[in-house]
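Below, each chain spelled out in residue letters.
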Amino acid sequence: MSSSASSPVVSRLPVLSLVSVGMIFGLTYGLSTPLLTFSLLDHGYGPHIIAALAMMHGVGVLGIAPFLPRLAGWAGPRKVLLAALACTAATLVLFPLVPSIWFWFPLRLVLGVATESMLIMSESWLNQSTDDSTRTRTMGLYSAMLSAGFATGPVLLTLVGRHGMAPFAICCVFVMGAFTLVSMPWMHAPKPEHPAHSSLWRYISLAPIAICVTLLMAMLEAASSAFLPLYALHMGWTERQATLLLSVMLLGAIVLQTPLGWLADRLKNPRAVLIGLGTASTLGALLWPAAITTPALAYPLLFVWDGLFAALYTVAMSVVGSRFSGGDLVSVYATTSLAWGLGSFAGPGMAGSSMAFSPASGLPLFVSCACGLFTLLPLFLKNRA
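From a predicted model like this one, the values you see are computed outputs, not experimental measurements.

Caption draft 1: Local environment of the overall build of the protein. A count of helices and strands for the protein gives 15 helices and zero strands. For 385 residues, the compact-globule formula gives about 21 Å, and the C-alpha radius of gyration of the protein, at 20 Å, lands near that figure. For the C-alpha atoms alone, the extent of the protein along its principal axes is close to 60 × 50 × 45 Å. Counting across all 385 residues of the protein, residues that qualify as buried make up 55%. Counted over contacts in the protein with a minimum sequence separation of 6, partners at least 24 positions apart contribute 85%. Surface summary for the protein: the accessible area is close to 15000 Å², and the carbon and sulfur share equals 71%. Side-chain charges of the protein comprise 17 positive and 11 negative groups, with the mean position of each set lying 6 Å from the other.

Caption draft 2: Inspection of the packing of aromatic side chains at higher detail. Enumeration over the complete set of coordinates arrives at six aromatic pairs. On the basis of an interplanar angle of 15 degrees and a centroid distance of 5.5 Å, the ring pair of Trp 102 and Phe 105 is categorised as stacked. We classify Trp 102 as partly exposed; its relative accessible area is 45%. Aromatic pair Trp 237 and Tyr 299: ring centres 5.5 Å apart, planes at 70 degrees, arrangement edge-to-face. Here Trp 237, found in the loop between α9 (208-234) and α10 (239-267), pairs with Tyr 299, found in helix α13 (residues 295-323); they are 62 residues apart in sequence, far enough to count as distant. Across this residue pair, the class does not change: Trp 237 and Tyr 299 are buried. Joined through ring pairs, the aromatic side chains of Phe 95, Trp 104 and Phe 168 make up one cluster. Its end group placed over the ring of Tyr 29, Arg 108 keeps NZ or CZ at 5.7 Å from the ring centre.

Caption draft 3: Just the nonpolar core, in detail. Leu 81, Leu 220, Leu 228, Leu 245, Trp 288, Trp 305 and Leu 363 are the most contacted members of the largest nonpolar core, which totals 115 residues. Looking at this core element by element, the count peaks at 16 residues for α9. No fewer than three residues from each of domain 1 (11-195) and domain 2 (198-384) sit in this core. Apart from the residues lying within four places of it in its own chain, the contact partners of Leu 81 are Leu 18, Val 21, Met 118, Met 121, Ser 122, Trp 125 and Val 182.

Caption draft 4: Structural view of helix α5 (residues 104-128). The first and last C-alpha atoms of α5 sit 35 Å apart over 25 residues, in line with the 36 Å expected at 1.5 Å per residue. Across the 25 residues of α5, 20 count as buried, placing the element largely inside the fold.

Conventions and cut-offs
- Residues numbered from 1 in each chain as written.
- Predicted model: local features only at pLDDT ≥ 70, side-chain atom pairs only at ≥ 80, totals over all residues.
- Heavy atoms only, no water.
- Helix = DSSP H or I, 4+ residues; strand = E, 2+ residues; numbered from the N terminus.
- Rg over C-alpha atoms; globule rule 2.2 N^0.38 Å.
- Buried < 20%, exposed > 50% of the residue type's maximum accessible area, 1.4 Å probe, protein only.
- Contact = heavy atoms within 4.5 Å.
- Areas by Shrake-Rupley, 256 points an atom, 1.4 Å probe, with all protein chains shown as cover.
- Lys, Arg positive; Asp, Glu negative; His and termini not counted.
- Charge placed at Lys NZ, Arg CZ, Asp CG, Glu CD.
- Phe/Tyr/Trp six-rings, centres within 6.5 Å; stacked < 30°, edge-to-face > 60°.
- Lys NZ or Arg CZ within 6 Å of the ring centre and 35° of its normal.
- Core = buried A, V, L, I, M, F, W, Y, C linked by side-chain atoms within 4.5 Å.
- Domains from an automatic or database assignment.
- Expected span 1.5 Å × (residues − 1).

Structural data, given as structure tokens:
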């Protein structure tokens with residue numbers, strides 16, 4: 001009787017462990033990006049150097065992505081995930097210890113390699129282990145915890161400050177906590193499988209919407225993490241208010257993912273959902289310049305906007321999980337990883353150029369145009385993942 005009663009809890013432990021890895025990915029990125037941005041500002045560096053450092057994350061992602069399907073097929077997702085978590089912890093410790101900020105550039109590249117491996121292995125593992133009836137809700141929970149990690153990073157900075165070893169050390173402790181969970185005996189990884197196609201480029205034609213939404217997500221996550229606080233500072237906000245605005249925005253993605261995932265499961269028309277979310281994201285970004293002058297408007301607008309925007313990724317990845325499995329699913333995620341790397345590389349540079357062109361409206365116009373271009377895809381690509 002007791003074992004039967006406890007089995008539902010035991011069966012949830014792998015899901016909770018993988019979801020915790022998603023949160024750690026978000027925490028690592030959400031803490032390191034604004035922390036390094038403000039540190040560069042302290043040293044007198046401008047938007048172009050800030051963008052260059054942020055772009056190193058994308059270089060790391062682009063470097064590791066083509067090898068992830070082979071690594072997963074050879075070593076299995078569990079070993080790759082554990083190695084990624086260990087590398088992330090070690091890299092975080094090194095940031096405050098190196099003698100010059102120029103060492104941050106190779107460290108940011110290594111962090112991109114490690115964190116992206118962490119993300120792809122955990123998300124593909126979770127998606128492959130979930131049935132179709134609850135897939136969108138489960139992936140919505142993963143996305144919500146991913147966003148929770150992003151939001152926790154700036155909050156952590158406001159609580160412990162951004163100077164010294166403390167923020168890096170606390171993040172490292174969380175990473176090692178996820179390492180411990182993945183090491184537990186209940187974590188049974190899917191059997192390693194080789195994909196049907198050896199070239200990742202083949203999967204671009206098989207899952208174009210998922211790959212493009214990942215590109216969009218990476219561009220805007222990287223751009224907003226690096227430049228939304230800078231945008232708010234330019235509009236007269238204090239550093240503390242600007243950091244809080246980023247956290248409130250990410251909080252919307254946490255709170256709204258589960259209900260939006262539940263709604264998407266009920267509607268059973270992911271194409272229409274993607275078009276609706278894309279349209280709302282496009283129009284919502286155009287309201288940023290008007291709202292940013294009044295915090296009482298800016299906080300709720302950014303809260304709702306990021307919740308709707310993040311749901312694009314949740315819905316797209318749910319469709320991928322229902323259409324691919326095994327090595328093909330890992331390969332699709334590896335291809336989306338390339339898109340994430342490209343987006344992480346291009347997003348900060350494009351956002352920095354937009355802000356240099358128009359500090360008051362460049363960032364929201366860039367965000368709106370990017371969301372609008374994506375929304376055209378599901379309009380024209382029917383029956384595609």
